[in-house]
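Overview (structure and organization)
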Number of protein chains: 2
Amino acid sequence: MAGTDRSREIETGGPVVVLVEPQLAENIGMVARAMANFGLSELRLVAPRDGWPNERARASASRADHVIDGARMFATLGEAIADLNFVFATTARERDGYKPVRSPVDAARTLRGRSEAGQATGVLFGRERWGLLNEEVALADEIVTFPVNPAFASLNLAQAVLLVAYEWMKSGLEKETATPFSGPEMEPASKDQMQGLFDHLEEALDARGYFRPPDKKAKLVDNLRAVLTRQGFYEPEVRVLRGVISSLDRYTPENPRGSGAPTARPRTRKNADDERA
Amino acid sequence: MAGTDRSREIETGGPVVVLVEPQLAENIGMVARAMANFGLSELRLVAPRDGWPNERARASASRADHVIDGARMFATLGEAIADLNFVFATTARERDGYKPVRSPVDAARTLRGRSEAGQATGVLFGRERWGLLNEEVALADEIVTFPVNPAFASLNLAQAVLLVAYEWMKSGLEKETATPFSGPEMEPASKDQMQGLFDHLEEALDARGYFRPPDKKAKLVDNLRAVLTRQGFYEPEVRVLRGVISSLDRYTPENPRGSGAPTARPRTRKNADDERA
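Going along each chain's sequence as written, the residues are numbered from 1 onward. A letter from A marks each chain and a number from 1 marks each ligand, given out in the order of writing. Local features are withheld for residues below a pLDDT of 70 in this predicted model, meaning they are given only at 70 or higher, and side-chain atom pairs are given and counted only at 80 or more; totals for whole chains, interfaces and linings count all residues. Note that the side-chain values use all heavy atoms of the structure and ignore hydrogens as well as water.

A separate point is the overall build of chain A. Tallying secondary structure elements over chain A gives 11 helices and seven strands in all. Across the 277 residues in chain A, those meeting the buried criterion constitute 48%. Residue contacts follow a heavy-atom distance rule, with two residues in contact if any of their heavy atoms lie within 4.5 Å. The contacts of chain A with a sequence gap of at least 6 include a subset with a gap of at least 24, amounting to 79%. All accessibility values rest on the Shrake-Rupley procedure with a 1.4 Å probe; residue burial counts only the protein chains present in the view. Total accessible area computed for chain A in this model is approximately 13,600 Å², and 51% of it derives from carbon and sulfur atoms. Each helix corresponds to a stretch of at least 4 residues labelled H or I by DSSP, and each strand to a stretch of at least 2 residues labelled E; elements are numbered beginning at the N terminus. Exposure is judged per residue with a 1.4 Å probe applied to protein chains only, and the accessible area is read against the type maximum: over 50% gives exposed, under 20% gives buried, and values in between give partly exposed.

The following block contains the structure:
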């Protein structure tokens, strides 16, 4: 999906992402991209099978070069996390041991709080095929796992990283429902504007005999206004509708081919304004 | 990541995922896997470039065969969504128009509510390179966008689908922080058990002259107990620690090579029990 604004500065900081013995260089690149998407920047690799640096990783990172260039390789997990204060291990399997198990939402809040307190944090991700070994999970403080479909629990490595990075980004938002941009700020139409719409439409319909039989007119008007009210139209939308009505109203039914005879209804300045949609 | 339990039934239902002119068959497969991970099952393809069915898509779906087999192809987006009641369009770019813009969290709640009300819902995803066209977004009811790093906003197609599926799954949980499994249910140790630990350790340390000078003993004891208290040890953890202390205590300092002379301290049944860790 497009939409990147390269004029914006790259977000950095946040937990270190540690990949333990990643098998495919392409996955490392996709991890780098996922990190960049949600503002993570520090990648550490423990004994990557395909070696490091790796051009296939860079190619699949879709220009997350700042993550690829900053990635560091370590021989052992112990060395990779030696300078960190708090570490989560990701796993899809229940493990023995006394470690608390957190959701990505909880884990992100913990990471956010500890990062803001100046602690160096990290999240461990295991091999594509079988994840982290128990002795690797044992090196972490807590476990984070994903609310996957138990019948299909195997997450792609880059997607596991994506979910952690996404929740990390969300944990820094004022509201978890915040969006980078929003719909147009529009005022619901005032009751006076709605009445203007009703009058305009009903006048045009009346000229064409829509409200028949006459003794049903009140009921027909009620129904019509109910339909138009439920939508909660915005003020600019009402202007569009007024324009539509004026256009439909421009030729009388007596002149279906529309040779240009103006409607009997005089067009007031107000109506003309209404048509500027 | 491993952990799949194939004895569990595949979750189905939820919004339809509609991919508009996906370019790479591999991405369609990764989309299917992401859907399966979080319980979505119905995939629709609008004019996929590489045609359909496609074996490369199946290969990259990592056995999400139920999604691949059920996928349907359509010539136009209009046909693909003809039977749906409510549709979100995903976009990373701000668009003109009057559509509300939602976060994935809000969108998932809307989809959950409408699905439970029996409505057929869907989410539209655009081409890998440039997303959805404006006239395609115009066919949707509302827009969903992701809280990406504005400097690196381009999400991989399967990852955009993953985030929507993940939030869909979360929207069905009793608590968004629920996890498929949890840490061991353990009681924090009782104050009596903690006192037993203190007594055991302090007796062993006293025998070795740890508390010197004598007039500092009270302070040293306070510090030691503070260190052991802050952890909030669980009852089984205290048993492990008692075992460790007993083991360290087994040889007296007068016999550093450990030739087997038992400690002066008689080992009571209570201590013996404590060591069953």
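Residues annotated by UniProt as "domain: tRNA/rRNA methyltransferase SpoU type" (unreviewed entry) correspond here to residues 16–166 of chain A. As a span, residues 16–166 of chain A carries 37% helix and 18% strand, and end to end its C-alpha atoms are 14 Å apart. UniProt positions are given in the numbering used here, feature names are shortened, and annotations may be inferred rather than shown by experiment.

Let us look at the environment of B:Ile68. Residue and element names in this part refer to chain B. Mapped onto the secondary structure, isoleucine 68 falls in helix α3 (residues 65–70). Residue classification places isoleucine 68 among the buried residues on the basis of a relative accessible area of 5%. Separated by 27 residues in the primary sequence, isoleucine 68 and serine 41 have C-alpha atoms spaced 8.9 Å apart. Ignoring sequence-local partners within four residues, the contact set of isoleucine 68 consists of Gly29, Ala32, Trp52, Ala57, Arg58 and Ala61.

On to helix α8 (residues 191–207) of chain B, then. All names here are of chain B. Here, expected helix span is obtained from the residue count minus one, scaled by 1.5 Å. Over its 17 residues, α8 runs 24 Å from end to end, which matches the ideal 24 Å to within 8%, given 1.5 Å per residue. Within the sequence span of α8, burial applies to Met194, Gly196, Leu197, Phe198, His200, Leu201, Glu202, Ala204 and Leu205. Of the residues one or two after α8, glycine 209 is the one with positive phi, at around 70°.

Before going further, it helps to spend a moment on the interface of chain B and chain A. With 74 residues of chain B at the contact, the number on the chain A side is 74 residues. Summed over both partners, the interface of chain B with chain A comes to about 6,600 Å²; 62% of that surface belongs to carbon and sulfur atoms. Salt bridges are counted wherever a side-chain nitrogen of Lys or Arg sits within 4 Å of a carboxyl oxygen of Asp or Glu. Here chain B is connected to chain A by four salt bridges. Close ionic contact of B:Glu176 with A:Arg109 constitutes a salt bridge, the shortest N to O distance being 2.9 Å. A 3.5 Å cut-off defines polar contacts: any pair of N or O atoms within that distance qualifies, except that in protein one atom must be a possible hydrogen donor and the other a possible acceptor, and neighbouring residues in sequence count only when both atoms are side-chain atoms. Linking chain B to chain A there are 16 residue pairs in polar contact (both at pLDDT 80 or more). For the side of chain B that touches chain A, the elements supplying multiple residues, two or more each, are α1 (25–37), β5 (101–102), α5 (104–116), α7 (157–171) and α10 (235–248) of chain B. When residues of the side of chain B that touches chain A are assigned to their parent elements, the largest contribution, nine residues, is made by α7(B). The buried area of a pairing is the accessible area, by a 1.4 Å probe, that goes missing from both parts when the two are put together, added over both.

Buried residues of nine kinds, namely Ala, Val, Leu, Ile, Met, Phe, Trp, Tyr and Cys, make up a nonpolar core once their side-chain atoms join them within 4.5 Å. Within the largest apolar cluster, 90 residues are counted, with the highest numbers of intra-cluster contacts made by A:Leu19, A:Leu43, B:Leu19 and B:Leu43. The contacts of A:Leu43, once residues within four sequence positions are left out, are A:Val17, A:Leu19, A:Ile28, A:Val31, A:Met35, A:Val67, A:Gly70, A:Ala71 and A:Arg72.

Let's shift gears to the relation of the copies chain B and chain A. For the pair of chain copies, the relating operation is a rotation around an axis with a shift along it. Superposing chain B onto chain A takes a rotation of 180° plus a shift of 0.0 Å along the axis, which leaves an RMSD of 0.2 Å. In the structure described here, the two chain copies are related by an operation that fits a two-fold rotation axis. Using C-alpha coordinates, one finds that chain B approaches the rotation axis most closely at B:Gln159, a distance of 3.2 Å. Counting the interface residues of chain B, we find that 100% of their copies in chain A are interface residues as well, pointing to one common contact surface. For the least-squares superposition of copies, only C-alpha atoms count, and only for residues with pLDDT at least 70 in both.

All names here are of chain B. Tallying each qualifying case throughout the model produces 40 salt bridges over all chains. Between arginine 44 and aspartate 83 there is a salt bridge, with the nearest N and O atoms lying 2.7 Å from each other. Of this pair, arginine 44 sits in strand β2 (residues 43–46) while aspartate 83 sits in the loop between α4 (77–80) and β4 (86–90), and the two are 39 residues apart along the sequence. A relative accessible area of 45% means that aspartate 83 is categorised as partly exposed. Across the pair glutamate 202 and arginine 225 runs a salt bridge, and its minimum N-O distance is 2.6 Å. Within this pair, whereas glutamate 202 is found in helix α8, its partner arginine 225 is found in helix α9 (residues 217–230), the two being separated by 23 residues in sequence.

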